[in-house]
Amino acid sequence: DARVTQTPRDKVTEMGQEVTMRCQPILGHNTVFWYRQTMMQGLELLAYFRNRAPLDDSGMPKDRFSAEMPDATLATLKIQPSEPRDSAVYFCASGPGGTSASDTQYFGPGTRLTVL
Amino acid sequence: DAKTTQPTSMDCAEGRAANLPCNHSTISGNEYVYWYRQIHSQGPQYIIHGLKNNETNEMASLIITEDRKSSTLILPHATLRDTAVYYCIVRPYNNNDMRFGAGTRLTVKP
């Protein structure tokens, strides 16, 4: 049963620390998405990649957030330095990358980040 | 992008059909209707999507009105495990950007 995996599942850190979240997309999928979910804002798209190239990161705070795909099996989302307002659940999703209309996104279980 | 309007919450008796409505009156011709759900503490789960025709899969049915201004997601025999927030999303054909709204919180009761 192919699934998107994310690590860590939970992360507690102190303000100012660097945080790296990792995502393994479903094998063969070539689109990867990062979302953030908070009670106040709901689910927000931060960035997405196709064939490892960033296509849109307009939803991401540029000064402290960065997203990369070092290879086809790994996507990372980094926050440096972290702030309490970054506390949220971060979801990664991947898609098969067919025609856009059929590019269903499959979500991972999320990383719950708490910045103290 | 077209916006969607959904009821904030709904209840359904276990074993009965759950009918979740969604209004998307500003939908354009190349935009698809997608449904996802999110069970507590889990990532969103894809349910179904459609353009004009009604669709059915092993999870649900999607009924889209002829004018495409609204749709209904039908869970034919709701179980307690179907308790979740259900999101209706209108998505352009050439855009991967999915905008999740507040969704409908469905509670299935014994």
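Before reading on, note that the structure itself is shown above.
Residues numbered from 1 in each chain as written. Chains lettered and ligands numbered in written order. Predicted model: local features only at pLDDT ≥ 70, side-chain atom pairs only at ≥ 80, totals over all residues. Heavy atoms only, no water.

Chemist: Looking at this structure, I do not really get the interface of chain B and chain A. What am I missing?
Modeler: Often the size quoted for an interface is simply the accessible area lost on bringing the parts together. Listed by partner, the interface residues are 19 residues for chain B and 18 residues for chain A. In total, about 1600 Å² of surface goes out of reach between chain B and chain A, with carbon and sulfur atoms giving 49% of it. Summed over the shared surface of chain B and chain A, the number is zero salt bridges. At the boundary of chain B with chain A, the tally comes to two residue pairs in polar contact (both at pLDDT 80 or more). Breaking the side of chain B that touches chain A down by element, the ones donating at least two residues are strand E3 (31-38), strand E4 (45-50) and strand E8 (84-92) of chain B. For the side of chain B that touches chain A, the element with the most residues is E3 of chain B, which contributes four residues. Considered class by class, the residues forming the side of chain B that touches chain A number nine nonpolar, eight polar and two charged. (Contact = heavy atoms within 4.5 Å. Buried area = accessible area lost by both parts, 1.4 Å probe. Salt bridge = Lys/Arg side-chain N within 4 Å of Asp/Glu carboxyl O. Polar contact = N/O pair within 3.5 Å; in protein donor to acceptor, adjacent residues only side chain to side chain. Helix = DSSP H or I, 4+ residues; strand = E, 2+ residues; numbered from the N terminus. Nonpolar A, V, L, I, M, F, W, Y, C, P; charged D, E, K, R; others polar.)

Chemist: I keep staring at the packing of aromatic side chains and nothing clicks. Help me out?
Modeler: Note on aromatic pairs: each is described by the distance of the centres and the angle between the planes. Tallying each qualifying case throughout the model produces 11 aromatic pairs over all chains. For the ring pair phenylalanine 91 of chain A and phenylalanine 107 of chain A, a centre distance of 6.4 Å and an interplane angle of 80° mean the geometry is edge-to-face. Here phenylalanine 91 of chain A is found in strand E9 (residues 88-95), whereas its partner phenylalanine 107 of chain A is found in strand E10 (residues 106-107), with 16 residues between them in sequence. For the residue pair phenylalanine 91 of chain A and phenylalanine 107 of chain A, the accessibility class agrees, reading buried in each case. Arranged with centres 5.2 Å apart and planes meeting at 85°, the rings of tyrosine 87 of chain B and phenylalanine 100 of chain B form a pair that is edge-to-face. Of this pair, tyrosine 87 of chain B sits in strand E8 while phenylalanine 100 of chain B sits in the loop between E8 and strand E9 (104-109), and the two are 13 residues apart along the sequence. (Phe/Tyr/Trp six-rings, centres within 6.5 Å; stacked < 30°, edge-to-face > 60°. Buried < 20%, exposed > 50% of the residue type's maximum accessible area, 1.4 Å probe, protein only.)

Chemist: Sorry, what's going on with the layout of surface pockets here?
Modeler: The rolling of a water-molecule-sized probe over the atoms marks out the regions of remaining empty space. Computed from the structure, the largest pocket encloses a volume of approximately 850 Å³. Contributing to the lining of the largest pocket are 34 residues, with Gln37 and Met39 of chain A together with Gln38, Tyr87 and Arg105 of chain B lying nearest its centre. Elements that contribute at least two residues to the lining of the largest pocket include exactly strand E4 (31-38), strand E5 (42-50), E9 and strand E11 (111-115) of chain A together with E8 and E9 of chain B. If one sorts the elements of the lining of the largest pocket by residue count, E11 of chain A sits on top with four residues. (1 Å grid on protein atoms, 1.4 Å probe; cavity = no way out; pocket = protein on both sides within 12 Å on 5 of 7 lines; lining within 4 Å. Points joined across faces, edges and corners; volume = space filled by probe spheres on them.)

Chemist: What exactly am I supposed to notice about the sheet that holds strand E1 (residues 5-7) of chain A here?
Modeler: Two strands in a sheet stick together by hydrogen bonds in their backbones, pointing the same way (parallel) or opposite ways (antiparallel). Residue and element names in this part refer to chain A. Pairing is antiparallel in the open sheet, where four strands are placed in the order E1-E3-E8-E7. Either end of the sheet is taken by a strand with one partner, and the two such strands are E1 and strand E7 (65-71). With strand direction ignored, the average angle separating the axes of adjacent strands in the sheet is 20°. (Pairing = 2+ DSSP bridges. Axes fitted to C-alpha atoms, helices over the stretch in contact; angles between N-to-C directions.)

Chemist: Hey, could you run me through the state of the cysteines in this one?
Modeler: Each disulfide is one covalent bond, formed between the sulfur atoms of two cysteines. Residues and elements named next belong to chain B. A full pass over the atoms with the stated rule returns two disulfides over all chains. Between the sulfur of cysteine 22 and that of cysteine 88 lies a disulfide, 2.1 Å long from S to S. Between cysteine 22 and cysteine 88, the S-S torsion sits near -80°, and that sign places the bridge as left-handed. Residue cysteine 22 is located in strand E2 (residues 18-23), and its partner cysteine 88 is located in strand E8; the two are separated by 66 residues in the primary sequence. (Disulfide = S-S within 2.5 Å.)

Chemist: Just checking my understanding: could you explain the environment of glutamate 68 of chain A for this structure?
Modeler: Residues and elements named next belong to chain A. Tracing the backbone shows glutamate 68 in strand E7. Each C-alpha atom, one on glutamate 68 and one on serine 82, is 17 Å from the other, the two residues being 14 residues apart in sequence. Glutamate 68 has contacts with Phe49, Leu74, Ala75 and Thr76, leaving out every residue within four places of it along the chain.

Chemist: Teacher, can you tell me more about the pairing of strand E8 (residues 74-79) of chain A here?
Modeler: Regular strands show a simple pattern: their side chains alternate between the two faces of the sheet. All names here are of chain A. Looking at chain direction, strand E3 (residues 19-24) and E8 are connected through five bridges and run antiparallel. Its bridge partner lying in E8, valine 19 is registered against isoleucine 79. Bridge analysis of E7 against E8 gives five bridges, and the strand direction is antiparallel. Note on E8: the bridge partner recorded for aspartate 71 is leucine 74. What sits between the antiparallel neighbours E7 and E8 is a turn of two residues.

Chemist: Would you mind showing me how to read the environment of alanine 13 of chain B here?
Modeler: Counting through the fold element by element, alanine 13 of chain B comes out in strand E1 (residues 9-13). Each C-alpha atom, one on alanine 13 of chain B and one on alanine 84 of chain B, is 14 Å from the other, the two residues being 71 residues apart in sequence.

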